[in-house]
Amino acid sequence: AQSVTQLDSQVPVFEEAPVELRCNYSSSVSVYLFWYVQYPNQGLQLLLKYLSGSTLVESINGFEAEFNKSQTSFHLRKPSVHISDTAEYFCAVSVGGTSYGKLTFGQGTILTVHP
Amino acid sequence: EAGVVQSPRYKIIEKKQPVAFWCNPISGHNTLYWYLQNLGQGPELLIRYENEEAVDDSQLPKDRFSAERLKGVDSTLKIQPAELGDSAVYLCASSLRDREYEQYFGPGTRLTVT
């Protein structure tokens, strides 16, 4: 079975500062990796995904994540955060096949951006 | 495009009482999911439907939980009887069948069992 660990439960940061939200996974088979985001009073939504190909993936709002197979990590980064990035971020993994839609989520990281 | 709709948003009941949650997925989404989210944790899958068929219910506590998706659209999740430990947020999500990793979540129902 696979598992996901998000190493920080809360990350406070000032506006325009860089941020990294850490995610490590455990699986005995190949995985697909995702970051979901939950803005205040909204449902979770997909932020970015790694399925195959380039190990560096980007979102439309400036976040990026890099799949590192040797370190079993999929950390989320942004070089300069905005107040509007305040949200809870969840890392998730799927192993594909008949379990393609079965997402295993991490515990979540609350990112708070201060002015 | 309307998102995933869930009702009620909040529910407070006494232990041993029954409770039901309703979900209306995004139009055209074949696959529907029910998740449980405890405080400070990520969502955990309870059951996954493809159309009206439950294809993965291995994590659903069948002694007290039941779910149905009649006609392959709306779905209902029921708990009977509820226990104190069932207090949590119940999330519904939906996706297209060939993009199951891209799930669209509803706002959830926050259940408090007293």
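Our subject in this report is the structure included herewith. Here the structure is a predicted model, which is why all the values come from computation and not from measurement.

### Quick word on the pattern of salt bridges
For the structure on display, the rule yields ten salt bridges over all chains. Arg77(A) serves as the salt-bridge partner of Glu20(A), at 2.8 Å between the closest nitrogen and oxygen. Taken together, the residues span a long stretch of sequence, with Glu20(A) in strand β3 (residues 19–21) and Arg77(A) in strand β9 (residues 73–78) at a distance of 57 residues. Taken together, the salt bridges that share partners define one network made up of Arg48(B), Glu50(B) and Glu100(B).

### Things to note about the side chain of Arg69(B)
Residues and elements named next belong to chain B. Of note, arginine 69 is situated in the loop between β7 (65–68) and β8 (75–79). Within the buried set, arginine 69 has no salt-bridge partner at all; the shortest N-O distance to an opposite charge, 6.9 Å, is to glutamate 52. Reaching out from arginine 69, the side chain makes a polar contact with the backbone oxygen of histidine 29 at a distance of 3.2 Å. Looking at arginine 69, its side chain comes within polar contact range of the main-chain oxygen of asparagine 30, at 2.5 Å. Apart from residues no more than four positions distant in its own chain, arginine 69 is found in contact with Pro25, His29, Asn30, Thr31, Leu32, Tyr49, Glu50, Asn51, Glu52, Asp74 and Ser75.

### Overview of the interface of chain A and chain B
Taken together, the 16 residues of chain A in the interface contact 20 residues of chain B. Summed over the shared surface of chain A and chain B, the result is one salt bridge. Seen at the junction of chain A and chain B, the total is three residue pairs in polar contact (both at pLDDT 80 or more). Its residues placed into classes, the side of chain A that touches chain B shows nine nonpolar, five polar and two charged.

### A look at the layout of surface pockets
Any empty space left between atoms is shown by rolling a water-sized probe over those atoms. Empty space within the largest pocket amounts to approximately 590 Å³. In terms of lining, the largest pocket is formed by 27 residues, of which the most central are Gln38(A), Glu88(A), Gln37(B), Val89(B) and Arg110(B). Grouping the amino acids of the lining of the largest pocket by side-chain chemistry returns twelve nonpolar, twelve polar and three charged. Of the voids in this model, the second largest pocket is the one considered here, and its volume is about 350 Å³. Along the walls of the second largest pocket sit 19 residues, with Gln45(A), Leu46(A), Leu47(A), Leu48(A) and Glu102(B) positioned nearest its centre. Elements that contribute at least two residues to the lining of the second largest pocket include exactly β6 (45–50) and β7 (56–58) of chain A together with β10 (104–105) of chain B. The leading source of residues in the lining of the second largest pocket is β6(A), at five residues. Residue composition of the lining of the second largest pocket, grouped by class: ten nonpolar, six polar and three charged.

About the cut-offs
- Residues numbered from 1 in each chain as written.
- Chains lettered and ligands numbered in written order.
- Predicted model: local features only at pLDDT ≥ 70, side-chain atom pairs only at ≥ 80, totals over all residues.
- Heavy atoms only, no water.
- Salt bridge = Lys/Arg side-chain N within 4 Å of Asp/Glu carboxyl O.
- Helix = DSSP H or I, 4+ residues; strand = E, 2+ residues; numbered from the N terminus.
- Buried < 20%, exposed > 50% of the residue type's maximum accessible area, 1.4 Å probe, protein only.
- Lys, Arg positive; Asp, Glu negative; His and termini not counted.
- Polar contact = N/O pair within 3.5 Å; in protein donor to acceptor, adjacent residues only side chain to side chain.
- Contact = heavy atoms within 4.5 Å.
- Nonpolar A, V, L, I, M, F, W, Y, C, P; charged D, E, K, R; others polar.
- 1 Å grid on protein atoms, 1.4 Å probe; cavity = no way out; pocket = protein on both sides within 12 Å on 5 of 7 lines; lining within 4 Å.
- Points joined across faces, edges and corners; volume = space filled by probe spheres on them.

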